[in-house]
Amino acid sequence: MSPNTWVIEMTSHKSRSFPNPQRNPPHPRSQLSNDAFSRRAAPGDSPVFEDISTILSVLKASGLLPFYEQLSSYEVGPPSKTNEFYSFFVRGVVHALTIFNIYSLITPNSAQLFISLRETDNVNQWIELVLCIFTYTLTVFVCARNTKSMLEIMNEILKLDKEVQRQFGVVLGNNCNFSVKFLVVIVCCQAYIMVLRFYAVKGEITATSYILIAFYAFQNGLTATYIVFASALLRIVCIRFHFVNQLLNAFTYVQQQKLAKKSRRQPAASNMEHFPEESLFIYRMHNKLLRIYKSINECCSLIIVCFLGYSFYTVTTNWYNLFVQITNNKGLISAHILQWCLAWLCLHTSLLALLSRSCGATTYEANSTSQILARVYGKSKEFQNIIDKFLTKSIKQEVQFTAYGFFAIDNSTLFKIFSAVTTYLVILIQFKQLEDSKLEEQVQNEA
Amino acid sequence: MSQPTPLVQPLLLQFQQLFFLSKMVGVLPQNLDKFRYKNVLEKSRNGMLYMLGVLSIYVVLYNLLIYSFGEEDRTLKASQSTLTFVIGLFLTYIGLIMMATDQLTALFNQGQLGELYERIRVVDERLYREECLLDNSCIAKRIRIMLIMTFIFEISILVATYINLVDYTQWLSLLWIVSAVPTFVNTLDKIWFAVSLYALKERFEAINATLEDLVMEHEKYKAWLTGDDATTATVGNRTADSQQSSPPPQYDSNLEYLYKELGGIDTGSLRNSGGKNHNKVAPIAHSMNSFGETIPTPHKPQRMNTNPLINMAHESELNDAAKVEIKLNNLCQVHDEICEIGKAMNGLWSYPILSLMAYGFLIFTAQLYFLYCATQSQSIPSLFRSAKNPFITVIVLVYTSGKCIYLIYLSWKTSLASKRTGISLHKCGVVADDNLLYEIVNHLSLKLLNHSVDFSACGFFTLDMETLYGVSGGITSYLIILIQFNLAAQQAKDAIQSFNSFNDTAGFVGAATEMDNNSSTLYDMITTTMMTPTY
């Protein structure tokens, strides 16, 4: 088959009808048998997304994700009526609780929540609570709206896996063990903070306070869990991009030279003749992955923006509190507030780092495909045309994970957030010192 | 530069002095003997132990320094605001952190560093085979200049501070010498990076020069073919036109003179083969060869040396698509390999660069802030005593910022040079005006577009001019914030003092019932002092 007849379609979604190169006995690809892609026998009826099943079940139970039906090992279907009703019910309960929460925030019912010494701290805490409520409510709403597209994303990923399985006999692992660890961290931090709050309340704790504190921890935990879920999805996409890059890497001139050196001893044909067929598959896979990446971005970006804002605020206030506690001239460092601040900082910093890292890694993998392809030197014009087509396509194709279009999320985002936090801290602490010197003055005045 | 027997001289040959110095100070752990005899960097266990020992001695000495000079700071702590104290503590240790980062990274990377230079050697060999030669001798010169500059800066800062600001009657004051160690170690490490980066930039430029040479030769060739009957004036016009697109004009005119002479010699042989563009130009190559042997005093040695070789090749090259394709392909691959080396190098030095940038930012801000504090005769941390003297401050600032800015500038230039290759390649396509060649150029320039070498510090920020601008903006805004608050705090303090003295005098006469009155006057005083713009 002549490779020039192929058209690389990118826009049409359903209407693609490729002459699918059905090579049922997939040719041996020794270079792919490294550890990055766990090679297992075809799974029978094992649940899809086994690696992130814990986090999925948590999100399903809290109504953020639908209880989808598993049609086959490579397809999920919409949820059944009862399950749909369950999710609906959970969301209703959550919204009712939120309304109760807001109501008690503006009435004196929640007075016990505000335990701090100074007036400004209480305002801070109030803002933090409102932000948390807002973030979580937004998460629930967005998730409810995006149920279908989330299922579509899952199906797309599964379809891709199926194709890879058919072509290469490789089952792509997801390598998402971090999700469980983060889940444990989130639960621990939230439980710890909850306990700290219960201890901090003076006098008898009313039932309302119990509910409010527990619900607050629940909201925080679930928002954080959703962020971990988004990172896990990104990791899954990243691994697939990496697989594509590995496939392509076998054709680069460096690998070809290595092969040529080997074949001097044992006459083995260069694998370049497979390039046209493989490249078709690779381009299609890459395009599909880009589409998946974009739809994940669309699904999550609003939540992520909100979370980043909330996180920024929390990190700043906690650093500030921590600093105030440490440099307290009176010498009474409250261990309680220290622990509290450290727990929050640990949670939010690790989540921010996870999110920016997984976004950065995926973007890097997606962008490096064209860089690797640029290293493929085809002998004939046809090969060069194949390469050129892809490279031309990817010239102005900026692959980025944006936060609702405001800014791109990658490692530099982490840097920017922390430099902003530092700037605010410097300003805040300076104001604090002015305030303190004024207070001192007044004390002297009184004396 | 390159000798035929080992094909090319390894780049590391130029690093002799730097390596011995770094080895002595404990910047690099690699094996000394291997370097001396074979010019390779190899892992060495003894070097590692030595380095660790040196590092721990530095840490101990530095802490001793901080402790012995910190006694003055104890009174400072009571009087000064906590923020200034904490920042001061952090600032005193950032130098040590930076040094430790450099040394530990060098320890971890000791194997990979050798591989890096081996890869550069392979690239040099390939470049040599493609007939673009490199002059490594200026690298040794550069290293020497940098080392001398470092010594001048370090010693002038150290001596000036020691004489002016340290109480040298005490025996312990000799410890002050240790304060120069972290910056010195760091500078040595950065010289390695900077010089290697410069070598990469040279390689990119060599590729660009080779491509541009191809273009130029072809232009001359075309000029002979089409305008051999015409007067020399039209030839001059043609080349003048083409000069607008090619950047180094004085080089062009320099060569043009030679070409005119050459054209005179070769018109006969050219006329014989004239009119047919695809003719192999063996006679030209031959005459070039004879010309190349008698080349007069080269103006630019490196390029002139490459000329005869290219002259031989080019005539057949830009006309012979198959041959030029191989050459361009090879150049493109070498370009990619250099880009990869650049990335690997950036990876090796990413943490040291991050710490250097943090150090530069902090020290620059702190030094200026403490200079301000010193002019207001406020007390400053003892390790920053150099800020008491504006002259020494200027030297410190130039030294610190020079390091950071040079690295950023060099990274920026290197990535620019790597991007220029595409332009040079396109010139080849344009000048040849051949469909087949144009296709090749198109294909390769698409590839070149995807070779990216961007230097970044751990992916947090890229090293280019934009970052430099951002950092300087950051320093300015921090300084403004710090100085404003310092002013306000100072005014508040003054107000208290004046109130206290006022209170003392008033205490004799005043009754206790006037307390309310007093506080209101105090309030007035503060507001008036706050409102008045002059200090």
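Everything quoted here is computed from the prediction, not taken from an experiment.

### Some remarks on the overall build of chain A
Each helix and strand in chain A was counted, giving 11 helices and 2 strands. In chain A, the succession of α and β elements from N to C terminus is α-β-β-α-α-α-α-α-α-α-α-α-α. With 447 residues in all, chain A has 51% of them scored as buried. The contacts in chain A between residues at least 6 apart in sequence include a share of 81% that link residues at least 24 apart.

### Considerations on the UniProt feature "transmembrane region" (unreviewed entry) in chain A
Residues and elements named next belong to chain A. As annotated by UniProt and renumbered to match this structure, "transmembrane region" (unreviewed entry) occupies residues 88-106, 126-144, 182-201, 207-234, 295-313 and 333-355. Counted over residues 88-106, helix gives 100% and strand 0%. Its end C-alpha atoms are 28 Å apart. With 100% helix and 0% strand, residues 126-144 has end C-alpha atoms that lie 27 Å from one another.

### Overview of the domain arrangement of chain B
Residue and element names in this part refer to chain B. With domains assigned, chain B is organised as domain 1 (11-211 + 332-463) and domain 2 (476-534). Summing the contributions of domain 1 and of domain 2, the shared interface buries around 750 Å²; its carbon and sulfur component is 69%. For the interface between domain 1 and domain 2, the tally reads 0 salt bridges. Remark: the boundary between domain 1 and domain 2 carries 3 residue pairs in polar contact (both at pLDDT 80 or more). No other element matches the 6 residues that helix H14 (residues 350-375) contributes to the side of domain 1 that touches domain 2. A breakdown of the residues in the side of domain 1 that touches domain 2 according to their chemical character gives 5 nonpolar, 3 polar and no charged.

### A few points about the packing of helix H7 (residues 137-165) of chain B against helix H15 (residues 390-432) of chain B
Residues and elements named next belong to chain B. Where H7 contacts H15, the axes come no closer than 9 Å and their chain directions differ by 150 degrees. Classified by the angle between their axes, H7 and H15 sit roughly antiparallel to one another. Seen from above, H7 lies across H15 with left-handed handedness. Contacts from Arg142, Met146, Thr150, Phe153, Glu154, Ser156, Ile157, Ala160, Thr161, Asn164 and Leu165 in H7 reach Ile392, Ile395, Val396, Val398, Tyr399 and Tyr406 in H15.

### Quick word on the UniProt feature "transmembrane region" (unreviewed entry) in chain B
Mapped onto the present numbering, the UniProt feature "transmembrane region" (unreviewed entry) falls on residues 49-70, 82-100, 145-165, 171-193, 351-371 and 391-410 of chain B. The span residues 145-165 of chain B is 100% helical and 0% strand by assignment, and the distance between its end C-alpha atoms comes to 29 Å.

### Some details on empty space enclosed by the protein
Unfilled space is identified by rolling a water-sized probe across the atoms. All names here are of chain B. According to the stated counting rule, one finds 12 cavities of 30 Å³ or more in the structure shown. Each pocket or cavity is described by its volume, and for the largest cavity that value is around 460 Å³. Looking at the largest cavity, it is lined by 24 residues, and the ones nearest its centre are Ser179, Thr183, Tyr359, Leu383 and Ser386. Listed by contribution, the elements that provide at least two residues to the lining of the largest cavity are helix H5 (82-108), H7, helix H8 (181-227), H14 and H15. For the lining of the largest cavity, the class distribution of residues is 14 nonpolar, 8 polar and 2 charged.

### Focus: the layout of surface pockets
One number sums up the size of the second largest pocket: a volume of about 790 Å³. Contributing to the lining of the second largest pocket are 25 residues, with A:Val254, A:Arg375, B:Arg119, B:Glu337 and B:Glu340 lying nearest its centre. Sorting the residues of the lining of the second largest pocket by element identifies helix H6 (207-249), helix H7 (253-265) and helix H9 (335-373) of chain A together with helix H6 (110-129) and helix H13 (321-348) of chain B as the ones contributing at least two each. Ranked by residues supplied to the lining of the second largest pocket, first place goes to H7(A) with 6 residues. Partitioning the lining of the second largest pocket into residue classes produces 6 nonpolar, 9 polar and 10 charged.

### Here we look at the nonpolar core
All names here are of chain B. Grouped together as the largest cluster of nonpolar side chains are 119 residues, with contacts concentrated most on Phe15, Tyr117, Trp192, Trp349 and Phe370. A total of 19 residues in this core trace back to one element, the largest contributor, which is H8. There are two domains that each give this core at least three residues, and those are domain 1 (11-211 + 332-463) and domain 2 (476-534). Residue contacts for Trp349: discarding those within four places in its chain leaves Leu113, Tyr117, Asp189, Trp192 and Phe193.

### Quick word on a nonpolar patch on the surface
Residues and elements named next belong to chain A. On the surface, Ile102, Ile106, Val123, Trp126, Ile127 and Val130 cluster together into a nonpolar patch covering about 500 Å² of accessible area. Put simply, the parts of the chain that give the nonpolar patch at least two residues each are helix H2 (81-106) and helix H3 (119-145). In terms of residue count, H3 provides more of the nonpolar patch than any other element does, 4 residues in total. By secondary structure assignment, the location of Ile127 is in helix H3. Take Ile127: its relative accessible area is 33%, and that puts it in the partly exposed class.

### Comments concerning the interface of chain A and chain B
At the interface, 40 residues of chain A touch 41 residues of chain B. Approximately 3500 Å² of surface area, both sides summed, lies buried where chain A meets chain B, with 59% of it carried by carbon and sulfur atoms. Counting across the chain A and chain B interface gives 3 salt bridges. Where chain A packs against chain B, one counts 13 residue pairs in polar contact (both at pLDDT 80 or more). Mapped by element, the contributors of at least two residues to the side of chain A that touches chain B are H7, H9, helix H10 (381-393) and helix H11 (411-446) of chain A. Here the residues of the side of chain A that touches chain B are counted per class, giving 17 nonpolar, 17 polar and 6 charged.

### A few points about the state of the cysteines
A full pass over the atoms with the stated rule returns 0 disulfides over all chains. Cysteine A:Cys346 remains unbridged, with the sulfur of A:Cys189 as its closest cysteine sulfur at 4.4 Å. For the unlinked cysteine B:Cys332, the closest cysteine sulfur is that of B:Cys339, found at 9.4 Å. Classification of B:Cys332 as buried rests on a relative accessible area of 5%.

Conventions adopted
Residues numbered from 1 in each chain as written. Chains lettered and ligands numbered in written order. Predicted model: local features only at pLDDT ≥ 70, side-chain atom pairs only at ≥ 80, totals over all residues. Heavy atoms only, no water. Helix = DSSP H or I, 4+ residues; strand = E, 2+ residues; numbered from the N terminus. Buried < 20%, exposed > 50% of the residue type's maximum accessible area, 1.4 Å probe, protein only. Contact = heavy atoms within 4.5 Å. UniProt positions renumbered as here; feature names shortened; annotations may be inferred. Domains from an automatic or database assignment. Buried area = accessible area lost by both parts, 1.4 Å probe. Salt bridge = Lys/Arg side-chain N within 4 Å of Asp/Glu carboxyl O. Polar contact = N/O pair within 3.5 Å; in protein donor to acceptor, adjacent residues only side chain to side chain. Nonpolar A, V, L, I, M, F, W, Y, C, P; charged D, E, K, R; others polar. Axes fitted to C-alpha atoms, helices over the stretch in contact; angles between N-to-C directions. Parallel < 35°, antiparallel > 145°, perpendicular 65-115°, else oblique. Left-handed = near helix turned anticlockwise from the far one by under 90°. 1 Å grid on protein atoms, 1.4 Å probe; cavity = no way out; pocket = protein on both sides within 12 Å on 5 of 7 lines; lining within 4 Å. Points joined across faces, edges and corners; volume = space filled by probe spheres on them. Core = buried A, V, L, I, M, F, W, Y, C linked by side-chain atoms within 4.5 Å. Patch = residues over 30% accessible without salt bridge, like charges linked within 9 Å, V, L, I, M, F, W, Y side chains within 5 Å. Areas by Shrake-Rupley, 256 points an atom, 1.4 Å probe, with all protein chains shown as cover. Disulfide = S-S within 2.5 Å.

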